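So the chains spell out like this:
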Amino acid sequence: MRPTAIRSDGMPGAKTYNPWWGDTRNLKQRGIITYTISPFRTRAAKNIFQDWLFNGYRRLAGQVPYWIVPFAIGYGTYAWAKRRDAWQNSKAGHLALHGHEH
(Lines give C-alpha, C1' and ligand atoms only; values in the text may rest on other atoms or scores of the structure.)
Protein backbone atom coordinates (compact mmCIF):
# COMPACT_ATOMS: atom_id res chain seq x y z
CA MET A 1 0.00 0.00 0.00
CA ARG A 2 1.22 3.44 -0.96
CA PRO A 3 0.91 6.45 1.34
CA THR A 4 -1.19 9.42 0.16
CA ALA A 5 0.68 12.11 -1.70
CA ILE A 6 0.92 15.40 0.15
CA ARG A 7 -1.15 18.05 -1.55
CA SER A 8 0.90 21.13 -2.51
CA ASP A 9 -0.39 24.64 -1.94
CA GLY A 10 -0.14 25.63 -5.59
CA MET A 11 3.44 26.83 -5.68
CA PRO A 12 5.63 24.67 -7.91
CA GLY A 13 8.47 22.90 -6.21
CA ALA A 14 11.85 21.80 -7.47
CA LYS A 15 10.53 18.83 -9.46
CA THR A 16 7.87 20.67 -11.46
CA TYR A 17 8.28 21.79 -15.06
CA ASN A 18 6.93 25.36 -14.90
CA PRO A 19 8.74 27.90 -12.76
CA TRP A 20 6.74 30.07 -10.38
CA TRP A 21 6.07 33.48 -11.93
CA GLY A 22 9.30 33.84 -13.85
CA ASP A 23 11.59 32.04 -11.38
CA THR A 24 14.20 30.59 -13.71
CA ARG A 25 16.66 29.22 -11.19
CA ASN A 26 15.94 25.63 -12.18
CA LEU A 27 15.85 26.06 -15.96
CA LYS A 28 18.89 26.11 -18.20
CA GLN A 29 18.52 28.93 -20.70
CA ARG A 30 20.51 29.45 -23.87
CA GLY A 31 20.59 32.16 -26.48
CA ILE A 32 19.48 35.03 -24.27
CA ILE A 33 21.72 38.05 -24.68
CA THR A 34 21.27 41.12 -22.53
CA TYR A 35 22.96 44.46 -23.00
CA THR A 36 23.27 47.07 -20.31
CA ILE A 37 24.78 50.49 -20.04
CA SER A 38 26.47 51.77 -16.95
CA PRO A 39 24.40 54.25 -14.94
CA PHE A 40 27.49 56.43 -14.79
CA ARG A 41 27.54 56.71 -18.59
CA THR A 42 23.94 57.81 -19.02
CA ARG A 43 23.11 61.47 -18.91
CA ALA A 44 19.37 61.74 -19.40
CA ALA A 45 19.17 65.50 -18.97
CA LYS A 46 22.33 66.48 -20.80
CA ASN A 47 21.80 69.85 -22.56
CA ILE A 48 18.03 69.57 -22.05
CA PHE A 49 17.39 73.31 -21.90
CA GLN A 50 19.76 74.23 -24.73
CA ASP A 51 18.32 71.51 -26.96
CA TRP A 52 14.78 72.54 -26.08
CA LEU A 53 15.53 76.17 -26.87
CA PHE A 54 16.94 75.58 -30.35
CA ASN A 55 14.87 72.55 -31.33
CA GLY A 56 11.70 74.09 -29.89
CA TYR A 57 12.27 77.30 -31.84
CA ARG A 58 12.83 75.34 -35.04
CA ARG A 59 9.66 73.29 -34.53
CA LEU A 60 7.53 76.31 -33.63
CA ALA A 61 8.88 78.33 -36.56
CA GLY A 62 7.91 75.48 -38.88
CA GLN A 63 4.32 75.65 -37.61
CA VAL A 64 3.87 79.43 -37.98
CA PRO A 65 2.37 79.29 -41.50
CA TYR A 66 -0.31 76.91 -40.25
CA TRP A 67 -1.56 79.00 -37.31
CA ILE A 68 -0.78 82.59 -38.29
CA VAL A 69 -3.38 82.71 -41.11
CA PRO A 70 -6.34 81.47 -38.98
CA PHE A 71 -5.18 83.71 -36.13
CA ALA A 72 -5.04 86.75 -38.42
CA ILE A 73 -8.50 85.98 -39.84
CA GLY A 74 -9.95 85.51 -36.36
CA TYR A 75 -8.37 88.66 -34.97
CA GLY A 76 -9.43 90.68 -38.02
CA THR A 77 -13.03 89.47 -37.62
CA TYR A 78 -12.97 90.28 -33.89
CA ALA A 79 -11.59 93.80 -34.46
CA TRP A 80 -14.11 94.50 -37.24
CA ALA A 81 -17.01 93.28 -35.07
CA LYS A 82 -15.90 95.46 -32.12
CA ARG A 83 -15.70 98.56 -34.36
CA ARG A 84 -19.06 97.80 -35.98
CA ASP A 85 -20.72 97.25 -32.60
CA ALA A 86 -19.32 100.51 -31.25
CA TRP A 87 -20.51 102.36 -34.35
CA GLN A 88 -24.00 100.79 -34.24
CA ASN A 89 -24.40 101.84 -30.62
CA SER A 90 -23.28 105.41 -31.32
CA LYS A 91 -25.52 108.31 -32.27
CA ALA A 92 -24.16 108.37 -35.83
CA GLY A 93 -24.88 104.66 -36.21
CA HIS A 94 -28.46 105.05 -34.98
CA LEU A 95 -29.10 107.90 -37.39
CA ALA A 96 -27.51 106.05 -40.32
CA LEU A 97 -29.37 102.78 -39.70
CA HIS A 98 -32.77 104.15 -38.71
CA GLY A 99 -32.70 107.38 -40.63
CA HIS A 100 -34.51 109.51 -38.08
CA GLU A 101 -33.99 110.97 -34.67
CA HIS A 102 -36.19 110.06 -31.71
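Residues numbered from 1 in each chain as written. Predicted model: local features only at pLDDT ≥ 70, side-chain atom pairs only at ≥ 80, totals over all residues. Heavy atoms only, no water.

Re the overall build of the chain
Move 1: A tally of helices and strands in the chain yields two helices and zero strands.
Move 2: Just so you have it, the chain exposes about 10,900 Å², and 60% of that area is on carbon and sulfur atoms. (Helix = DSSP H or I, 4+ residues; strand = E, 2+ residues; numbered from the N terminus. Areas by Shrake-Rupley, 256 points an atom, 1.4 Å probe, with all protein chains shown as cover.)

Remarks on the UniProt feature "transmembrane region" (unreviewed entry) in the chain
Move 1: The feature "transmembrane region" (unreviewed entry), as given by UniProt, occupies residues 64-81 in the numbering adopted here.
Move 2: This span, residues 64-81, is 100% helix and 0% strand, and a straight line between its end C-alpha atoms measures 25 Å. (UniProt positions renumbered as here; feature names shortened; annotations may be inferred.)

A look at the packing of aromatic side chains
Move 1: Applying the stated rule across the entire model yields one aromatic pair.
Move 2: Seen from their ring centres, Tyr75 and Tyr78 are 6.5 Å apart, and the 40° between their planes marks the pair as tilted. One end of the pair is Tyr75 and the other is Tyr78, both in helix α1 (residues 48-88) and three residues apart, which spans about a single turn. (Phe/Tyr/Trp six-rings, centres within 6.5 Å; stacked < 30°, edge-to-face > 60°.)

Remarks on a nonpolar patch on the surface
Move 1: On the surface, a cluster of nonpolar side chains totalling about 840 Å² of accessible area is made up of Val64, Trp67, Ile68, Val69, Phe71, Ile73, Tyr75 and Tyr78.
Move 2: With respect to the secondary-structure elements, Phe71 resides in helix α1.
Move 3: Residue classification places Phe71 among the exposed residues on the basis of a relative accessible area of 53%. (Patch = residues over 30% accessible without salt bridge, like charges linked within 9 Å, V, L, I, M, F, W, Y side chains within 5 Å. Salt bridge = Lys/Arg side-chain N within 4 Å of Asp/Glu carboxyl O. Buried < 20%, exposed > 50% of the residue type's maximum accessible area, 1.4 Å probe, protein only.)

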